[in-house]
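Take a look at the letters that make up each chain.
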Amino acid sequence: MSAAFQLQDNREQIYSRLTSESMITANHEWLACMLASWCAGQGVLPDCLGLETGQFNALKEHFFPGCRLPEQAASGNKLDFNRMLERDDLVNLLKQFSKPGILETDWIIGVIVAGCLGSDHLWQDLGLWSRSQLSAMLQYNFPELAAKNDKDMKWKKFLYKQLCEAEGLYLCRAPSCSVCIDYPKCYGSEE
Ligand code: SF4
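Residues numbered from 1 in each chain as written. Predicted model: local features only at pLDDT ≥ 70, side-chain atom pairs only at ≥ 80, totals over all residues.

Asker: Residues and numbers for the overall build of the protein, please.
Answerer: Helix and strand counts for the protein come out as 10 helices and 2 strands. Listed N to C, the secondary structure of the protein is β-α-α-α-β-α-α-α-α-α-α-α in terms of helices and strands. Taking 16 Å as the expected radius of gyration for a compact globule of 191 residues, we find that the protein reaches 17 Å, a close match to that expectation. Within the span of the protein, comprising 191 residues, buried residues form 31% of the whole. Partitioning the intrachain contacts of the protein with sequence separation of at least 6 by distance along the chain shows that 69% fall at a separation of at least 24. (Helix = DSSP H or I, 4+ residues; strand = E, 2+ residues; numbered from the N terminus. Rg over C-alpha atoms; globule rule 2.2 N^0.38 Å. Buried ≥ 20, exposed ≤ 12 C-beta atoms within 10 Å, placed from the backbone. Contact = placed C-beta atoms within 7 Å.)

Here you go:
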């Protein structure tokens, strides 16, 4: 029987329906958390979680085949990818460090990149339920990239810093993080 979602459902109710019919793998769990938040109007992800419609339908069919999920974001958020000049660079960075042989990698990458257009912490923009979930998702899917964040930098800052360094751009105003007045913006609490 398919599970429909009502506007009044809260995140936890939606999550339990999304995960009731099958075994849960790691990525399935994180996707269910993000979808539940998205259906409840939380986070910044736009229609189809920021994926192409075909990708979104494939994701739904693979992980949530018994669930009738909308394509429109309950939040009404519309992200303008035209103002995201770094979109391809972010996709390429994540692809470069992704583990081979995981079907959902492109979907996870697309969702993460859409979340980077938000203005809160990345885990909040994605609709994950804690920063530790985001850390675990990045460590699972992009282990070598995540391992480079050995000073526990805020994740969005960390991803953008990788792009700057790859381009040979050093936009930071200090020679090292330890003497930088912007340290709290890049590190500090992300909860
Ligand atoms: S703390 Fe300062 S030097 Fe380090 S990444 Fe942030 S802006 Fe750059």
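Having seen it, we continue.
Asker: I'd like a rundown of the nonpolar core, residues and numbers included.
Answerer: Most often, soluble globular proteins keep nonpolar side chains buried together rather than apart. M34, L35, A36, L45, V111 and L126 are the most contacted members of the largest nonpolar core, which has 45 residues in total. Breaking this core down by element, the ones donating at least two residues are α1 (11-18), α2 (26-39), α3 (53-63), α4 (87-97), α5 (105-115), α6 (122-126), α7 (131-141) and α9 (155-166). The greatest single-element share of this core, amounting to 9 residues, is contributed by α2. Setting aside residues up to four positions removed in sequence, L126 forms contacts with M34, G43, L45, V111, I112, G115 and L134. (Core = buried A, V, L, I, M, F, W, Y, C linked by C-beta atoms within 7 Å.)

Asker: Residues and numbers for the environment of Y187, please.
Answerer: Examined against the element boundaries, Y187 turns out to sit in the segment after α10 (183-186). Under the C-beta neighbour-count criterion, Y187 is labelled partly exposed, with 16 such atoms within 10 Å. Taking the C-alpha atoms as reference points, Y187 and F158, 29 residues apart in sequence, are found 9.3 Å from one another.

Asker: Break down the site of the ligand for me, citing the residues and quoting the values.
Answerer: Not every one of the 8 residues close to the ligand is listed here, only the nearest: C172, C177, C180, D182 and C186. For the shell around the ligand, the class distribution of residues is 6 nonpolar, no polar and 2 charged. (Near = placed C-beta within 6 Å. Nonpolar A, V, L, I, M, F, W, Y, C, P; charged D, E, K, R; others polar.)

Asker: So what about the environment of L159? Which residues, and what values?
Answerer: The residue L159 is located in helix α9 in this model. For the pair formed by L159 and C116, sequence separation is 43 residues and the distance between their alpha carbons is 9.1 Å. Residue contacts for L159: discarding those within four places in its chain leaves L90, L93 and C116.

Asker: Account for the packing of α4 against α5, with residues named and values stated.
Answerer: At a minimum axis separation of 10 Å, α4 and α5 run at an interaxial angle of 140 degrees. Classified by the angle their axes make, α4 and α5 are oblique. You can see that α4 and α5 cross each other, and the crossing is right-handed. Facing α4, whose interface residues are R87, L90, V91, L94 and K95, α5 presents I109, I112 and V113. Here the residues of the contact of α4 with α5 are counted per class, giving 6 nonpolar, no polar and 2 charged. (Axes fitted to C-alpha atoms, helices over the stretch in contact; angles between N-to-C directions. Parallel < 35°, antiparallel > 145°, perpendicular 65-115°, else oblique. Left-handed = near helix turned anticlockwise from the far one by under 90°.)

Asker: Could you give me a rundown of the packing of α1 against α2, with the residues and numbers involved?
Answerer: The description of two helices packed together rests on the angle between their axes and the distance between the axes. At a minimum axis distance of 8 Å, the contact between α1 and α2 shows a crossing angle of 135 degrees. Put simply, α1 runs oblique to α2. At the point where α1 passes α2, the crossing takes the right-handed sense. Along its contact with α1, which presents R11, I14, Y15 and L18, the element α2 presents A32, C33, L35, A36, S37 and C39. Looking at the contact of α1 with α2, its residues break down into 8 nonpolar, 1 polar and 1 charged.

These figures capture arrangement, not role.
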